[in-house]
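Summary of structural features
Chain by chain, the residues run as shown.
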Amino acid sequence: MAPDTGYPHDLTDLFSLEVLEFDQLPPGEENHLTFKGAFPASHMHPARLWCDIIEPRECQVIATYAKDFYAGRPAMTMHTFGLGKAIYIGTLSHQYFYNDVVTWLRQMCNLQPLLKVPDSVEVCMRQREDTKIFFLLNHQSSPLRIQFYKPMHDFLTGNTFSGNYDLPPHGVLVLDEHPGAKT
């Protein structure tokens, strides 16, 4: 059953657009995205699998399709709604695109990483009063080198270290930036 209020059903006001239809791309075929403004594209980003045919209303067009029937049509949009922003992506791409989306969102929201670590290390932080505890997880099958610029206390071993640390494959670190802090 097709919604009578347009697609994305009940979200057309949130995104300020309507998807008129979507077109599945043939196997092995892809389009490309062309970006407008300050989007930090690190690679040429493909549009894969399908392309939404978007009719924008009051949304800002962030990217358009680069070729064929879709050339110049919106592929990615942003719309201010309430106190936030709604981002619509009308296709699938590769991992580099999603990494760039996260970088762009961090810049837009002025978010800084919790710790400077390789991209493949997950960092979470828990805080109580003045104590910050960092959880670092290496999801890779190989060790990753991390550079610490100030002393860190390892809760799992009780050691304090700074400088280079090799986080083993699938390894975990639980850290506090203040040596000698209570555990």
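It should be emphasised that the depicted structure is a prediction, and the values quoted were computed from it without experimental measurement. (Residues numbered from 1 in each chain as written. Predicted model: local features only at pLDDT ≥ 70, side-chain atom pairs only at ≥ 80, totals over all residues. Heavy atoms only, no water.)

**Quick word on the pairing of strand β3 (residues 46-56)**
In this sheet, β3 lies alongside strand β1 (residues 17-24) in antiparallel orientation, the contact comprising 7 bridges. Looking across to β3, one finds that Phe22 is bridged to Asp52. Sheet topology places strand β2 (residues 30-35) next to β3; 3 bridges connect them, and they run antiparallel. Paired with His32 across the two strands is Pro46, which belongs to β3. In this sheet, strand β7 (residues 91-92) lies alongside β3 in antiparallel orientation, the contact comprising 2 bridges. Along β7, the bridge assignment pairs Arg48 with Leu92. (Pairing = 2+ DSSP bridges. Helix = DSSP H or I, 4+ residues; strand = E, 2+ residues; numbered from the N terminus.)

**Re the confidence of the model for the protein chain**
Here the protein chain averages 90 in pLDDT, and 93% of its residues register 70 or above. Confidence, expressed as mean pLDDT per element, reaches its minimum in the protein chain at strand β10 (residues 144-154) with 89 and its maximum at strand β5 (residues 74-81) with 98. Under a pLDDT of 50 for its full length, residues 179-183 has, in the predicted model, 8 contacts with residues more than four places off or in other chains. (pLDDT = per-residue confidence, 0-100. Contact = heavy atoms within 4.5 Å.)

**Observations concerning the environment of Arg48**
In this structure, Arg48 sits in strand β3. Remark: the alpha-carbon pair of Arg48 and Glu30, spanning 18 residues in sequence, is separated by 5.0 Å. The contacts of Arg48, once residues within four sequence positions are left out, are Leu25, Glu30, Thr91, Leu92, Ser93 and His94.

**What about the packing of aromatic side chains?**
Under the counting rule described, the total for this entry stands at 10 aromatic pairs. Their ring planes at 75 degrees and their centres at 5.2 Å tell us that Phe15 and Tyr88 sit as a pair that is edge-to-face. One end of the pair, Phe15, is in helix α1 (residues 12-15); the other, Tyr88, is in strand β6 (residues 84-89), and 73 residues separate them in sequence. Centre to centre, the rings of Phe39 and Trp104 are 5.4 Å apart; their planes meet at 55 degrees, and the pair counts as tilted. (Phe/Tyr/Trp six-rings, centres within 6.5 Å; stacked < 30°, edge-to-face > 60°.)

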